Amino acid sequence: MPASGFPKGFLWGAATAAYQIEGAARENGKGESIWDRFCQVPGAIQTGETGVLACDHYHRWRDDIENMRDLGLNAYRFSISWPRVFPMGNGRHNSKGLDFYETLVDALLEAHIEPAATLYHWDLPQSLQDRGGWTNRDTASWFADYAASVFMRLGDRVKTWMTLNEPQVASFAGHAMGIHAPGLKDFGTAVQASHILLHAHSLGVQAYRQLSPGKHRIGIALDVHPVYPFTDGVSDIEAARLADAKTNRWFLDPVLKGAYPDDMMSLYARNKVAPHTEREDFELFKTNHVDFIGLNYYFPERVYASDEGGFLGFQYALKKECERTEMGWEVYPEGLYDILAQVQKEYDDPVIFITENGAAFSDHKVVDGQVQDNDRIDYISTHLSEARRAIQDGVRLEGYFLWSLMDNFEWSYGFSKRYGITHVDFHTQARTWKKSANWYQKVIASNGAAL
């Protein structure tokens, strides 16, 4: 282990998502996505903005890769837009859509940046939503067909793949809370969507094993939260166990153990919201193993027992007098260590990538034209220190993807929340390094020794 505490060959990356940066919503044959439609719903986006232009990455990708090269990134995580490749979700593919990603991948490789591609980051083709979306079992099969087309085109060059990004958010924020596309508000529908998403993951891995050459790797990116009881009372401890099952184990267990957690499945069944499954689904879970698990970490969850939580029996608590991001999320770097250690212990020591970690801050302080985002530097630095501690304690962490390379369209918040280490002027599309970009450049160059 080098003196920096990070292993040789550690991936230092940054991450983005197609809808949040690409723009070009209707160019070169791209179809409508559920986010294109959701942004038209009055009040759905707090600022009334859309991702129609976003960061215009579709036209400015050369400049963005040059930015990555200057930063010293050796990896870049991006997502492929399903409706750009299959405008109607299935059927005939759009060759111009695949051409764009092939050109992007080749340019990344020429810049000595490893592409890490996510197949689904929430932008389901609207035509499939019209047929039931993630509540329709056929959507998982259509996802596998889409994935197979992408693997056949790019599988010889892209060595790191993720099937899905944060299916927990896609299912529950989009189908129970209604704050993400498609904007539904039914808990049982969300549970069913979560299962179809995980079924799609299994079929995607299966397609990858059949089609992709070489010793490449595929996984999934899950949002995880260490869950802590608000008090040391027995009821709060039990509430934390159940919250961990809902948030973390419901998604980690099928991927890494081949089955849903018994406690959560039983609770859902008793309350008539258990997903409709078939026997083959669990066989697919068990036989389509991932090569790594991607973890997205932003904040912990603190819970307490409460009848107001409905059949779940818990509610979320806010810790008083703690630092928070612009999202209102608690800053707790130790939580990253805790969740890394939990996954290592409970899931037989898998290879792990931190596929997202970062923070939105106000970015109001500007000196000589540069955002002085010391709060973001502190956030990333303290979290990387916890990641290093986990590595030293035996966690097989092999890479870190900072969220995000640049300011972008932050879903229901529009452009009001800025996560980037590169400032984007959304009127001119000018990109300017924040102080955190200069700092991250030094961290990468020293393989973490400059923390």
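Source: prediction; values computed, not measured. (Residues numbered from 1 in each chain as written. Predicted model: local features only at pLDDT ≥ 70, side-chain atom pairs only at ≥ 80, totals over all residues. Heavy atoms only, no water.)

Trainee: I would appreciate a short explanation of unusual backbone geometry in the present structure.
Mentor: Excluding glycine, most residues fall at negative phi; most peptide bonds, likewise, are trans. With an omega dihedral of 10°, the bond running from Ala 181 to Pro 182 counts as a cis peptide bond. By secondary structure assignment, the location of Pro 182 is in the loop between α8 (167-175) and α9 (187-211). A cis amide bond links Trp 403 to the next residue, Ser 404, at an omega of 15°. Positionally, Ser 404 belongs in the loop between β13 (397-402) and β14 (422-424). In this structure, Asp 56 takes a positive phi of about 55° despite not being glycine. (Helix = DSSP H or I, 4+ residues; strand = E, 2+ residues; numbered from the N terminus.)

Trainee: Got a minute to help me understand the sheet that holds β13 in this structure?
Mentor: Taken in spatial order, the 8 strands close into a barrel running β1-β2-β3-β4-β5-β7-β10-β13, and their pairing is parallel. Ignoring which end each strand starts from, the neighbouring axes of this sheet average 25° apart. Bridge count for strand β10 (residues 352-356) against β13 is 3 bridges, and the pairing is parallel. Along β13, the bridge assignment pairs Phe 353 with Gly 399. In this fold helix α7 (residues 138-154) packs onto β3 (114-120), β4 (160-165) and β5 (217-223), with an angle of close to 160° to the strand it touches most, β3. (Pairing = 2+ DSSP bridges. Axes fitted to C-alpha atoms, helices over the stretch in contact; angles between N-to-C directions. Contact = heavy atoms within 4.5 Å.)

Trainee: Quick question: what am I supposed to make of the sheet that holds strand β6 (residues 227-229) here?
Mentor: Paired through their backbone hydrogen bonds, the strands of a sheet run either parallel or antiparallel. With respect to topology, 3 strands assemble into an open sheet ordered β6-β8-β9, the strand pairing being mixed. Pairing within the sheet leaves two strands with one partner each, and these edge strands are β6 and β9 (314-316). Within the sheet, the average angular offset between the axes of one strand and its neighbour, ignoring direction, is 40°. Relative to strand β8 (residues 301-305), β6 runs parallel, the two sharing 3 bridges. Paired with Pro 229 across the bridge in β8 is Val 303. Against the sheet, helix α10 (residues 234-256) contacts β6, β8 and β9, and its axis sits at roughly 130° relative to β8.

Trainee: For this particular structure, what's the right way to read the nonpolar core?
Mentor: The nonpolar side chains of soluble globular proteins are, as a tendency, buried together. Core analysis: the biggest nonpolar cluster contains 154 residues, and Trp 35, Ile 80, Trp 82, Tyr 120, Trp 134, Trp 161 and Tyr 440 have the highest contact counts within it. In terms of residues, this core owes the most to one element, α9, which gives 11 residues. Apart from residues no more than four positions distant in its own chain, Ile 80 is found in contact with Ala 18, Val 85, Tyr 101, Ala 117, Thr 118, Leu 119, Asp 123, Tyr 146, Val 150, Leu 154 and Trp 161. (Core = buried A, V, L, I, M, F, W, Y, C linked by side-chain atoms within 4.5 Å. Buried < 20%, exposed > 50% of the residue type's maximum accessible area, 1.4 Å probe, protein only.)

Trainee: I'm lost on the packing of helix α3 (residues 57-71) against helix α5 (residues 95-110) in this one. Help?
Mentor: Relative placement of two packed helices is described by the angle separating their axes and the distance separating the axes. Look at α3 against α5: their axes get within 10 Å of each other, and the N-to-C directions meet at 10°. As the angle between them shows, α3 and α5 are arranged roughly parallel. Pair α3 / α5 crosses with right-handed handedness. For the pair α3 and α5, contact is made by His 57, Tyr 58, Trp 61, Ile 65 and Met 68 and by Phe 100, Thr 103, Leu 104, Ala 107 and Leu 108, respectively. Looking at side-chain class alone, the contact of α3 with α5 contains 8 nonpolar, 2 polar and no charged residues. (Parallel < 35°, antiparallel > 145°, perpendicular 65-115°, else oblique. Left-handed = near helix turned anticlockwise from the far one by under 90°. Nonpolar A, V, L, I, M, F, W, Y, C, P; charged D, E, K, R; others polar.)

Trainee: Explain the packing of helix α13 (residues 334-346) against helix α14 (residues 374-392) here, please?
Mentor: Remark: α13 packs on α14, axes separated minimally by 8 Å, with the N-to-C direction vectors making an angle of 30°. In terms of orientation, α13 lies roughly parallel with respect to α14. Helix-helix and strand crossings are classified by hand; for α13 and α14 the assignment is right-handed. Each of Glu 334, Leu 336, Tyr 337 and Leu 340 in α13 lies in contact with α14, whose residues at this interface are His 383, Glu 386, Ala 387, Arg 389 and Ala 390. Split by residue class, the contact of α13 with α14 holds 5 nonpolar, 1 polar and 3 charged.

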